[in-house]
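# Breakdown of the fold
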Amino acid sequence: MLKIDHLSASYKTIDGDIHVVKDVDFEIRDNEIFGIAGESGCGKSTLLKTLYDIVEFPLQIDQGKVILSGTKNGKEFSFESGQIRKSWWNQISYVPQAAQSVLNPIVRLKEQFLDSIPAEDKKNETEKETLARVASYLEELGLSPDVLEAFPFQLSGGMRQRAIIALATFMSPNVVLADEPTTALDVVVQRGILMMLTRLQQQFKNTLVIVSHDMGVHYQITNRMGIMYSGSFVELGPTTDIFDDPIHPYTKMLIGALPRVGDKSQKVGIPGRPPALKNPPPGCRFAARCPMATDKCRQDVPVFREIKPGRYAACHYLESEVN
Ligand SMILES: Nc1ncnc2c1ncn2[C@@H]1O[C@H](COP(=O)(O)OP(=O)(O)OP(=O)(O)O)[C@@H](O)[C@H]1O
Ligand code: SF4
Ligand SMILES: [Mg+2]
């Protein structure tokens, strides 16, 4: 399980701090596909970096922590922010945004696989035996083992992305984080990648966290999702509930702007832009775009809380049905 405990993080710049993750507090459960959605620049990738513990200058955690815990091979493990990297590949792995660039273009894929497998997992195997395991894993995923002999630049974008996902899942980690895994790929390839990710999650019964600005991706494969706005979650809950009955004004506008089959009406985007993260306004960060905003909204930050069982949102004007 991944527990995110009142986490805030910012980028330190010479012009001041950019508060990109603001008091984010939620849990990602075992054996679920959890989606993180939101407009460009709202902090999705930064949040994922903090989950994977790549917190390097200029990024800094200001408050809170991330806890990764679970069981593997019959053993319990628990790591906090600052230690999670000890469990990279084995217990948690990460497919970064623009992942194509994580592969070294001039190193054959087989070397990149061998480098990523920790020594203790290679046991007493010869290199040939390890590569045979990798090759059979690739075949299981519908990839030709020939890709191991290839340089990344020789593969198509879709093949490279599949190879990266294979690399990230080879050690069957408990948690896989994937940042925009289908962006920049054509629709058919996108569908193949989403099928691959879902199949892997079903096979390993692990946790898959998918970041995507594409609501269609969340609709297709996630079980629960969180909607981010300007550094915080504004709504979180089961994906079908969010699509069928959004409760936060931002989510309502986001869902209302999606095209639907058979609906010929003109869809308009959400007018306005999110506030600058350097000097965000006090109060609700959505206030400048919210049709329901009042003076209270412009002054007080709404608390992110459970509104209905399993459904969370941050808005002053939502009554909680949960005690
Ligand atoms: N290294 C950095 N230094 C300063 N600011 C940064 C840095 N990296 C990102 N930011 C800022 O942090 C904010 C959030 O960026 P982030 O990449 O997390 O957003 P995102 O939701 O993933 O966006 P996208 O959908 O475009 O990928 C943006 O305003 C961005 O400009
Ligand atoms: S707190 Fe106010 S501004 Fe923010 S979403 Fe709710 S009604 Fe809109
Ligand atoms: Mg991003």
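Now for a description of the structure that goes with this document. (Residues numbered from 1 in each chain as written. Chains lettered and ligands numbered in written order. Predicted model: local features only at pLDDT ≥ 70, side-chain atom pairs only at ≥ 80, totals over all residues. Heavy atoms only, no water.)

Read from one edge to the other, the open sheet built from eight strands follows the order β6-β7-β8-β3-β9-β10-β12-β11, with strand pairing classed as mixed. Of all the strands in the sheet, just β6 (92-95) and β11 (304-308) have a single pairing partner and so form its edges. Averaged over all pairs of adjacent strands, the angle between their axes in this sheet comes to 20 degrees, without regard to strand direction. Bridging between strand β3 (residues 33-37) and strand β8 (residues 207-211) involves four bridges; their strand directions are parallel. By the bridge assignment for β8, G35 is matched with I210. Across the face of the sheet, helix α4 (residues 157-169) comes into contact with β6 and β7 (175-179) while running at roughly 165 degrees to β6. (Pairing = 2+ DSSP bridges. Helix = DSSP H or I, 4+ residues; strand = E, 2+ residues; numbered from the N terminus. Axes fitted to C-alpha atoms, helices over the stretch in contact; angles between N-to-C directions. Contact = heavy atoms within 4.5 Å.)

This next bit is on the packing of α4 against helix α5 (residues 187-204). Remark: α4 packs on α5, axes separated minimally by 10 Å, with the N-to-C direction vectors making an angle of 15 degrees. In this view, α4 runs roughly parallel relative to α5, as classed from their interaxial angle. Like other packed secondary-structure pairs, α4 and α5 cross with a definite hand, here right-handed. For the pair formed by α4 and α5, the contact residues are G158, Q161, R162, I165, A166 and T169 on the first element and V189, G192, I193, M196, L197, L200 and F204 on the second. Looking at the contact of α4 with α5, its residues break down into eight nonpolar, four polar and one charged. (Parallel < 35°, antiparallel > 145°, perpendicular 65-115°, else oblique. Left-handed = near helix turned anticlockwise from the far one by under 90°. Nonpolar A, V, L, I, M, F, W, Y, C, P; charged D, E, K, R; others polar.)

One open sheet accounts for four strands, arranged β2-β1-β4-β5; its pairing is antiparallel. Unpaired on one side and paired on the other, β2 (16-28) and β5 (75-80) mark the two borders of the sheet. Between one strand axis and the next, the sheet turns by 15 degrees as a mean value, whatever way the strands run. In terms of strand pairing, strand β1 (residues 2-13) meets strand β4 (residues 59-72) through eight bridges, oriented antiparallel.

Surrounding the magnesium ion (ligand 3) are the protein donor atoms S45 (OG) and Q97 (OE1), at 2.0 to 2.1 Å. Taken together, the residues span a long stretch of sequence, with S45 in helix α1 (residues 44-52) and Q97 in the loop between β6 and α2 (109-116) at a distance of 52 residues. Look at S45 and you get buried, because its relative accessible area is 19%. Judged by relative accessible area, Q97 falls into the partly exposed class, the value being 42%. (Donors = N, O, S within 2.8 Å, 3.2 Å for Na, K, Ca; no water. Buried < 20%, exposed > 50% of the residue type's maximum accessible area, 1.4 Å probe, protein only.)

Here the focus is unusual backbone geometry. For the peptide bond that leads from F57 to P58, omega is 10 degrees, which places it in the cis range. You can see P58 is positioned in the loop between α1 and β4. Phi is positive for N31, close to 55 degrees, though the residue is something other than glycine. Along the chain, N31 falls in the loop between β2 and β3.

Residues in close proximity to ligand 1 total 14 residues, the closest being S40, G41, K44, S45 and T46. Between ligand 1 and S40, the relevant distance is 2.5 Å, taken from an oxygen atom to a side-chain nitrogen or oxygen of the residue. One of the backbone nitrogen or oxygen atoms of G43 is found 3.1 Å away from an oxygen atom of ligand 1. Burial of ligand 1 by the surrounding chains reaches 66%, relative to a free accessible area of 640 Å². (Near = heavy atom within 4 Å. Polar contact = N/O pair within 3.5 Å; in protein donor to acceptor, adjacent residues only side chain to side chain. Areas by Shrake-Rupley, 256 points an atom, 1.4 Å probe, with all protein chains shown as cover.)

These values are about where atoms sit, not about what they do.
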